[in-house]
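Listed below, chain by chain, are the residues.
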Amino acid sequence: GALIRCSERGLNVNTVIDVGASNGSWSRICMKHLPKAKFLLIEAQEAHKSGLDEFTKQCSNADYILAAAGREDGRIFFENEHLFGGLASETPFEKNCIEVPVVSIDNEVKRQNLKPPFLIKLDTHGFEVPILEGALNTIKSAELIIIETYNYRLTKDSLKYYEMCQYMERLGFS
């Protein structure tokens, strides 16, 4: 519904960046409203590779990378107990911990020569602030940012919903 309302208001997006893309199901819905946009899906869990392969095979305007998103490029820890869950962290987890590549959105936008304006979607279970810190240049050219957030702390460093709203206002969004 929100995408429909935004589209009706003249949403202008050339590139959608879907972080925490899982198998591409959210991007598939979004693509109905922004069919001319380029889609970059960023997903940390290797188990989603076949779904992402199928999605990008069906959608020529989509590509994906298997990596977490964060402050900077490198390696990061990832809790991968649940296929449609998971959480990135700069410190290891006690169990269900794997190490995965991590990219900053800003670096990936440069590498892939992605064109603004951007729509950024985060479904990242409490790791939003480090991802946004790695996307400060991209955010300057973002038309819309969609963040799944909660009214409770998922992690000791995650922001509650109202804190995320305040944080985003400091970045120029409300």
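For the structure, check the block above.
Keep in mind it's a predicted model, so treat the numbers as computed, not measured. (Residues numbered from 1 in each chain as written. Predicted model: local features only at pLDDT ≥ 70, side-chain atom pairs only at ≥ 80, totals over all residues. Heavy atoms only, no water.)

Draft legend 1. How the structure looks around the overall build of the protein chain. When helices and strands are counted, the protein chain shows seven helices and nine strands. In terms of overall size, the protein chain behaves like a compact globule, its C-alpha atoms giving a radius of gyration of 15 Å where 174 residues would be expected to give roughly 16 Å. Expressed along its principal axes, the backbone C-alpha trace of the protein chain runs to roughly 45 × 40 × 30 Å. Split into buried and exposed, the 174 residues of the protein chain put 49% on the buried side. Summarising the internal contacts of the protein chain: among those between residues at least 6 apart in sequence, 62% fall at separations of at least 24. In the form shown here, the protein chain has an accessible surface area of approximately 9,300 Å², with 50% of it arising from carbon and sulfur atoms. Here the protein chain carries 20 positive and 24 negative side-chain charges, and the mean point of each set is 5 Å from the other. (Helix = DSSP H or I, 4+ residues; strand = E, 2+ residues; numbered from the N terminus. Rg over C-alpha atoms; globule rule 2.2 N^0.38 Å. Buried < 20%, exposed > 50% of the residue type's maximum accessible area, 1.4 Å probe, protein only. Contact = heavy atoms within 4.5 Å. Areas by Shrake-Rupley, 256 points an atom, 1.4 Å probe, with all protein chains shown as cover. Lys, Arg positive; Asp, Glu negative; His and termini not counted. Charge placed at Lys NZ, Arg CZ, Asp CG, Glu CD.)

Draft legend 2. Representation of helix H2 (residues 25-33) within the structure. Buried residues of H2: Trp 26, Ser 27, Cys 30 and Met 31, and no others. All buried residues of H2 project into a common sector of 135 degrees when viewed along the axis, lining one side. (Arc of directions from axis to C-beta.)

Draft legend 3. Here's a closer look at unusual backbone geometry. Along the chain, Pro 116 connects to Pro 117 via a cis peptide bond; the corresponding omega equals -5 degrees. Topologically, Pro 117 is positioned in the loop between helix H4 (105-111) and strand E8 (118-122). A positive phi angle, near 45 degrees, is found at Ser 22, a position not held by glycine. Residue position: Ser 22 is located in the loop between strand E1 (15-19) and H2. For His 125, which is not glycine, the phi dihedral falls at a positive 50 degrees. Tracing the sequence through the fold places His 125 in the loop between E8 and helix H5 (128-133).

Draft legend 4. Inspection of the sheet that holds E8 at higher detail. With respect to topology, five strands assemble into an open sheet ordered E3-E2-E1-E8-E9, the strand pairing being parallel. Every other strand in the sheet has two partners, leaving strand E3 (62-66) and strand E9 (142-147) as the edge strands with one partner each. Averaged over all pairs of adjacent strands, the angle between strand axes in this sheet comes to 15 degrees, irrespective of strand direction. Here five bridges tie E8 to E9, and the two strands are oriented parallel to one another. Directly across from Leu 119, in E9, lies its bridge partner Leu 144. (Pairing = 2+ DSSP bridges. Axes fitted to C-alpha atoms, helices over the stretch in contact; angles between N-to-C directions.)

Draft legend 5. Spatial organisation of the pairing of E8. Burial of E8 is extensive: five of the five residues sit out of reach of the surface. What you see with E8 is no split at all: Phe 118, Ile 120 and Leu 122 on one side and Leu 119 and Lys 121 on the other are buried throughout. The pairing of E1 with E8 spans five bridges and is classified as parallel. The partner of Val 16 across the bridge, within E8, is Leu 119.

Draft legend 6. Representation of the nonpolar core within the structure. One finds Val 19, Ile 42, Ile 105, Ile 120, Leu 132, Ile 145 and Met 168 to be the most contacted residues of the largest nonpolar core, which totals 36 residues. In this structure, Leu 132 is in contact with Leu 122, Ile 139, Ile 147, Met 164, Tyr 167 and Met 168, ignoring residues within four places of it in sequence. (Core = buried A, V, L, I, M, F, W, Y, C linked by side-chain atoms within 4.5 Å.)

Draft legend 7. Here's a closer look at the sheet that holds strand E5 (residues 74-79). Across the sheet, which stays open at both edges, the four strands sit in the order E4-E7-E5-E6 with mixed pairing between neighbours. Two strands in the sheet have a free side with no partner beyond their single neighbour: strand E4 (68-69) and strand E6 (87-89). Taken together, the three bridges between E5 and E6 define a ladder with antiparallel strand orientation. Its bridge partner lying in E6, Glu 79 is registered against Leu 87.

Draft legend 8. Structural context of the environment of Glu 46. Turning to its location among the elements, Glu 46 is positioned in the loop between strand E2 (38-43) and helix H3 (49-58). When the C-alpha positions of Glu 46 and Thr 91 are compared, they lie 20 Å apart, and in sequence the two are 45 residues distant.

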